[in-house]
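Spelled out from the first residue to the last, the chains are:
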Amino acid sequence: MFGNFIPDSDIFSRRCIWVNGPVIVGAGPSGLAVAAGLKREGVPFIILERANCIASLWQNRTYDRLKLHLPKQFCQLPNFPFPEDYPEYPTKFQFIQYLEDYATHFEISPKYNETVQSAKYDETFGLWRVKTISKSGPLGSCEFEYICRTLVVATGENAEKVVPDFEGLEDFGGDVLHAGDYKSGGRYQGKNVLVVGCGNSGMEVSLDLYNHGANPSMVVRSSVHVLPREILGKSTFELGVTMMKWMPVWLADKTLLLLARIALGDTDKYGLKRPKIGPLELKNKEGKTPVLDIGALPKIRSGKINIVPGIIKFGRGKVELVDGRVLEIDSVILATGYRSNVPSWLKDNDLFSDDGIPKNPFPNGWKGEAGLYAVGFTRKGLFGASLDAMSVAHDIACRWKEESKQHKKTAAARHRRCISHF
């Protein structure tokens, strides 16, 4: 009688847990925002988090000088504003405290140290099977399998470091660090440091290194938009959003670039060539974020931060560049970004592409088939994640309440039939 009930034999090798509500994978800002929305709707859930804390990217993989790049009103999570005494651009430590307060306020308690190995939809039973390894038990690692009708992927766009494969890097002999492991430039005083990457992280790390007495050289391999963080006393981001309400993107881009040229000068002559596509259009099409300058550009102009082209190969204590120069360097910091890790564990789905980003662009990438949802993949930062989180929480709550009504009707009908037999 049980022959059709067992999907496969490994169900017996794991502790199986039925979840009466969604399983949320990831306890970063996206996962917390969905959880808060569900809490307000009275929908039960669990959050699985591989690290030992919420927002592990912010707590464990960011440098000390980091501040939010956008004004706080564009970074707050749903239904919980920042404290009024926070500055317009909160520090990383203030943002972490805000997230801790958010979790406490909505009584969100993730299951920490639990890594999802795989998640797959079982078509036979119409359920998701989420397999994990937990390292928080007293007996060491334990394996679990969560069974649920709804799965929320909230691991985000920045789950894994991107580490390019450079020729000769293994023979370099000096200190090599990803920007995710960089905290402060104090240990690099007096050293020649090569920063690979010219995004917001590469710019800020280079500035931090200079401020701590190092000699940074920043690799610029491709074109990049550098904009002032504020224009005419207003956030550049806010200005861009406002302009797009009243004019086409191409015109908003031309206006932004004109204002940036007035504020910053011609960045091309310092080795920072602008893309042919404007910053807003580039963000919408490819998800590439412009650099919001907070002080690195003046150091680049004065030569205190050296701009260099692409890398051919590394050697012992040196790097060879595409323009033929060879630099003597002591350390390398890879500001080469992050990527989604969804393809490594989410199996057989139509929502995500091979690069771990939803196939449908924002604002239509948050819902898939069979109770699958995605939050934190909008390429629009915390603002986009919050919008998706509200949509996901509302949709799940509507489904859950409708299913609960149907369950009650079925139970009541069964009760009446039972009574009729007596």
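Refer to the structure above for everything that follows.
Residues numbered from 1 in each chain as written. Predicted model: local features only at pLDDT ≥ 70, side-chain atom pairs only at ≥ 80, totals over all residues. Heavy atoms only, no water.

Caption draft 1: A look at helix 3 (residues 92-105). Here helix 3 is 14 residues long and its end C-alpha atoms lie 20 Å apart, about the 20 Å a rise of 1.5 Å per residue gives. Residues K92, F95, I96, Y98, L99, Y102 and A103 constitute the buried set of helix 3. One side of helix 3 holds all its buried residues, which, seen down the axis, span an arc of 155°. Looking one or two residues beyond helix 3, the residue adopting positive phi is E107, at roughly 55°. (Helix = DSSP H or I, 4+ residues; strand = E, 2+ residues; numbered from the N terminus. Expected span 1.5 Å × (residues − 1). Buried < 20%, exposed > 50% of the residue type's maximum accessible area, 1.4 Å probe, protein only. Arc of directions from axis to C-beta.)

Caption draft 2: Structural detail: the packing of helix 1 (residues 29-41) against helix 3. One way to put it is that helix 1 packs onto helix 3 with a least axis distance of 10 Å and a crossing angle of 25°. Between helix 1 and helix 3, the angle falls in the class roughly parallel. Remark: the crossing between helix 1 and helix 3 carries left-handed chirality. Facing helix 1, whose interface residues are P29, L32, A33 and A36, helix 3 presents F95, L99, Y102 and A103. Class assignment for the residues of the contact of helix 1 with helix 3 results in eight nonpolar, no polar and no charged. (Axes fitted to C-alpha atoms, helices over the stretch in contact; angles between N-to-C directions. Parallel < 35°, antiparallel > 145°, perpendicular 65-115°, else oblique. Left-handed = near helix turned anticlockwise from the far one by under 90°. Contact = heavy atoms within 4.5 Å. Nonpolar A, V, L, I, M, F, W, Y, C, P; charged D, E, K, R; others polar.)

Caption draft 3: Just the packing of aromatic side chains, in detail. Tallied over the full model, the rule gives 20 aromatic pairs. Between Y98 and Y102, the ring centres sit 6.3 Å apart and the planes meet at 40°, which makes this aromatic pair tilted. Here the residue Y98 and the residue Y102 both occupy positions in helix 3, the gap between them amounting to four residues, near one helical turn. By the burial criterion, Y98 is buried, and Y102 matches it. Each member of the aromatic cluster is reached from another via a ring pair, and the members are W58, F80, F82, Y86, F95, Y98, Y102 and F106. In this structure, R229 packs its charged tip against the face of Y89, placed 3.9 Å from the ring centre. (Phe/Tyr/Trp six-rings, centres within 6.5 Å; stacked < 30°, edge-to-face > 60°. Lys NZ or Arg CZ within 6 Å of the ring centre and 35° of its normal.)

Caption draft 4: Focus on the sheet that holds strand 11 (residues 215-219). As summarised here, the arrangement of the five strands in space is 9-20-10-11-16, forming an open sheet in which the pairing is parallel. The open sheet has two edge strands with one neighbour each: strand 9 (175-178) and strand 16 (306-308). For this sheet, the mean angle separating the axes of adjacent strands, direction not counted, is 20°. Taken together, the five bridges between strand 10 (residues 192-196) and strand 11 define a ladder with parallel strand orientation. Residue pairing in the sheet places V196 in a bridge with V219 of strand 11. Running at roughly 165° to strand 11, helix 4 (residues 200-211) makes contact with strand 10, strand 11 and strand 20 (331-334) of the sheet. (Pairing = 2+ DSSP bridges.)

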